[in-house]
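Coordinate analysis (summary)
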Amino acid sequence: HSLVLVGGAGWKVMVVHQFGNRPVNRFVYRTGYCPGTLVVGFWRHFVGANGGYAMSKVFNRFRLLAGAVIGLALAGAGCNVLQVPYFLFAMEDPKHEAEIQKVASKNKKEERKVVILTYHRLDLRPEFINSDRELTHFLERSMRQLFELNKEKVTIVPARKVEDYKISHPDWHESELASIGEYFKADWVIYMEINKLGLYEPGSGGTLYRGNADMTISLVDVKHPEESPPPRPFSCTYPRENAMQLTTTEKSPAEFRQVFMEYLGKRISWKFTSHPTRDDFYVDLPANGNR
């Protein structure tokens, strides 16, 4: 991490997340007026055995240490040190907006209801049997966490009720999505069609993991389906091409599949609500079992 204080008409506190030599995130907090100009440099480099999970915990510790450095710097320049905790903790982290459309209402008091539907083709590989249910589970969990973080009033139809509907309507995927949404009295339908899933790096002979997915994601406005955004293609790999890979001796196929499906759930949840910018980095770190 790098921490830089730049004075002038006001103080700016810049926190840059850095992994290796690549900056991946930047937060800028602005304090009150302070006379003079002062630059205070602070460097802390951390690479933990737990990857992103450890680094997300370290971020909060870093704020405490940064607060001490900022406090000393501001006190020396005649600023009110009591303002430091506010700027370090009261201000929210920067966020990316929903990639497709936010499903929560603009009116914070108004509640919205969402139903998640997932469909996979019959020619998926055997290791991805029931992947539709697993993906729905992780997407629902990630969305609930983000709704709570963003203080949004959105309810999700329980997956068990959706599965019961699929069983009683075996041709459900041929129906109009808006009509299924009306059945559940939902405001939105999130529909994921899985075209392809894989676990291994091509050409590795099944010795290196590289999760890959090809999907089509739709968001349907139940009351005004003609105003729904167009379906979006979605494809990704995990870990990314420039990231460390896991071998089949480190994790079983079932363990890596779970990690990969959880990753997909997080990535897809970003399409329907905002998420902290730092998650762009942490979510892509390869898991190593310490979760």
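Let me begin by describing the structure that accompanies this report. From a predicted model like this one, the values you see are computed outputs, not experimental measurements. Numbers given for residues are sequential positions, taken from 1 along each chain in its written order. The predicted nature of this model means local features are confined to residues of pLDDT at least 70 and side-chain atom pairs, given and counted, to a pLDDT of 80 or more, with totals for whole chains, interfaces and linings taken over all residues. By convention in this description, side-chain values take in all heavy atoms of the structure and omit both hydrogens and water.

Some details on the overall build of the protein
Formally: Secondary structure elements are taken from DSSP: a helix is a run of H or I of four residues or more, a strand is a run of E of two residues or more, and numbering for both begins at the N terminus. Exposure classes here rest on a 1.4 Å probe applied to the protein chains alone. A residue is buried below 20% of its type maximum, exposed above 50%, and partly exposed in between. In this description, accessible areas are obtained by the Shrake-Rupley approach with a 1.4 Å probe, and a residue is regarded as covered only by the protein chains that are shown.
Secondary structure assignment for the protein yields seven helices and 11 strands. By the burial criterion, 47% of the 291 residues in the protein qualify as buried. For the protein, the exposed surface amounts to about 15200 Å²; the carbon and sulfur share of it is 53%.

Some points on the packing of helix α3 (residues 131–150) against helix α6 (residues 253–269)
For clarity, the cut-off: Only the stretch in contact is used when fitting a helix axis, every axis being a line fitted to C-alpha atoms; angles between N-to-C directions are given from 0 to 180 degrees. An angle below 35 degrees is treated as roughly parallel, one above 145 as roughly antiparallel, one from 65 to 115 as roughly perpendicular, and anything else as oblique. When the near helix sits turned anticlockwise from the far one by under a right angle, the crossing is termed left-handed; a clockwise turn instead gives a right-handed crossing. Contacts were defined at the residue level, with two residues in contact if any of their heavy atoms lie within 4.5 Å. Residue polarity follows a fixed list, in which Ala, Val, Leu, Ile, Met, Phe, Trp, Tyr, Cys and Pro are nonpolar, Asp, Glu, Lys and Arg are charged, and the others, Gly among them, are polar.
The N-to-C vectors of α3 and α6 enclose an angle of 50 degrees; their axes lie 8 Å apart at closest approach. Judged on the interaxial angle alone, α6 and α3 are oblique. Crossing geometry of α3 relative to α6 is assigned as right-handed. The segment α3 lies against α6, with Ser131, Glu134, Leu135, Phe138, Leu139, Arg141, Ser142, Met143 and Leu146 engaging Arg257, Gln258, Met261, Glu262, Leu264, Gly265, Lys266, Ile268 and Ser269. Tallied by class, residues from the contact of α3 with α6 come to eight nonpolar, five polar and five charged.

What about the packing of aromatic side chains?
As a reminder, the rule being used: Each pair of aromatic rings taken from Phe, Tyr and Trp, with Trp reduced to its six-membered ring, is defined by centres within 6.5 Å and is described as stacked if the planes are under 30 degrees apart, edge-to-face if over 60, and tilted in the remaining cases.
Tallied over the entire structure, the rule returns 11 aromatic pairs. When the centroid spacing of 5.0 Å and the interplanar angle of 85 degrees are considered together, the rings of Tyr183 and Phe184 count as edge-to-face. Of the residues examined, Phe184 reaches a relative accessible area of 9% and is grouped as buried. An aromatic cluster of at least three residues, connected via ring pairs, comprises Tyr200, Tyr209, Tyr238, Phe256, Phe260 and Tyr263.

A look at the pattern of salt bridges
Selection criterion: When a carboxyl oxygen of Asp or Glu lies within 4 Å of a side-chain nitrogen of Lys or Arg, that pair is called a salt bridge.
Under the defined criterion, the tally for this structure stands at 10 salt bridges. For Glu99, the salt bridge is made with Lys271, and the minimal N-O distance between the two is 3.0 Å. With Glu99 in the loop between β5 (95–96) and β6 (112–120) and Lys271 in the loop between α6 and β11 (275–276), this residue pair connects regions lying 172 residues apart in the sequence.

Section: the environment of Ser252
By secondary structure assignment, the location of Ser252 is in the loop between β10 (232–238) and α6. Taking the C-alpha atoms as reference points, Ser252 and Tyr209, 43 residues apart in sequence, are found 10.0 Å from one another.

Focus on α6
Rules: To estimate the expected span of a helix, subtract one from its residue number and multiply by 1.5 Å.
Taking 1.5 Å of rise per residue, the 17 residues of α6 would be expected to cover 24 Å, and the 24 Å separating its terminal C-alpha atoms lies within 8% of that figure. In terms of residue burial, α6 counts as a mostly covered element, since 12 of its 17 residues are buried. Listed as buried for α6 are Phe256, Arg257, Val259, Phe260, Met261, Glu262, Tyr263, Leu264, Gly265, Arg267, Ile268 and Ser269.

Looking at helix α4 (residues 159–168)
One turn of an α-helix holds 3.6 residues; hence residues three or four places apart share an orientation. Heads up, the rule is: By definition, the arc is the one covered by directions from the helix axis to the C-beta atoms.
All of the buried residues in α4 are Val162, Glu163, Tyr165 and Lys166. The buried side chains of α4 occupy one side of the element, clustering within an arc of 160 degrees when seen end-on. Opposite its buried face, α4 presents the exposed residues Arg160 and Ile167, each directed more than 90 degrees away. Among the structural elements, β6, α3 and α5 (177–183) are those in contact with the buried residues of α4.

Some points on the sheet that holds β6
Operational definition: Whether two strands pair depends on DSSP finding at least two bridges between them.
Here we have five strands laid out as an open sheet, ordered β7-β6-β8-β9-β10, and mixed in their pairing. Only two strands of the sheet have a single partner each, and these edge strands are β7 (154–156) and β10. Across the sheet, the mean angle separating the axes of adjacent strands is 25 degrees when strand polarity is ignored. Relative to β10, strand β9 (residues 209–221) runs antiparallel, the two sharing seven bridges. Its bridge partner lying in β10, Asp214 is registered against Ser235.

Overview of the environment of Glu250
Basically, it comes down to this: Definition of a polar contact: a pair of N or O atoms within 3.5 Å, with one able to donate and the other able to accept a hydrogen when the atoms are protein atoms, and with sequence-neighbouring residues admitted only if both atoms are side-chain atoms.
Residue position: Glu250 is located in the loop between β10 and α6. The spacing of Glu250 and Leu208 is 42 residues in sequence and 9.9 Å in space, taken between C-alpha atoms. A polar contact is formed between the side chain of Glu250 and the backbone nitrogen of Thr247, at a distance of 2.8 Å.

Observations concerning the side chain of Glu140
Here Glu140 lies in helix α3. For Glu140, a relative accessible area of 13% gives the class buried. Within polar-contact distance, the side chain of Glu140 engages the side chain of Arg144 at 2.7 Å. What Glu140 contacts, discounting residues up to four positions off in sequence, is Ile116, Ile156, Val157 and Ala159.

As far as function goes, none of this settles anything; it's purely spatial.
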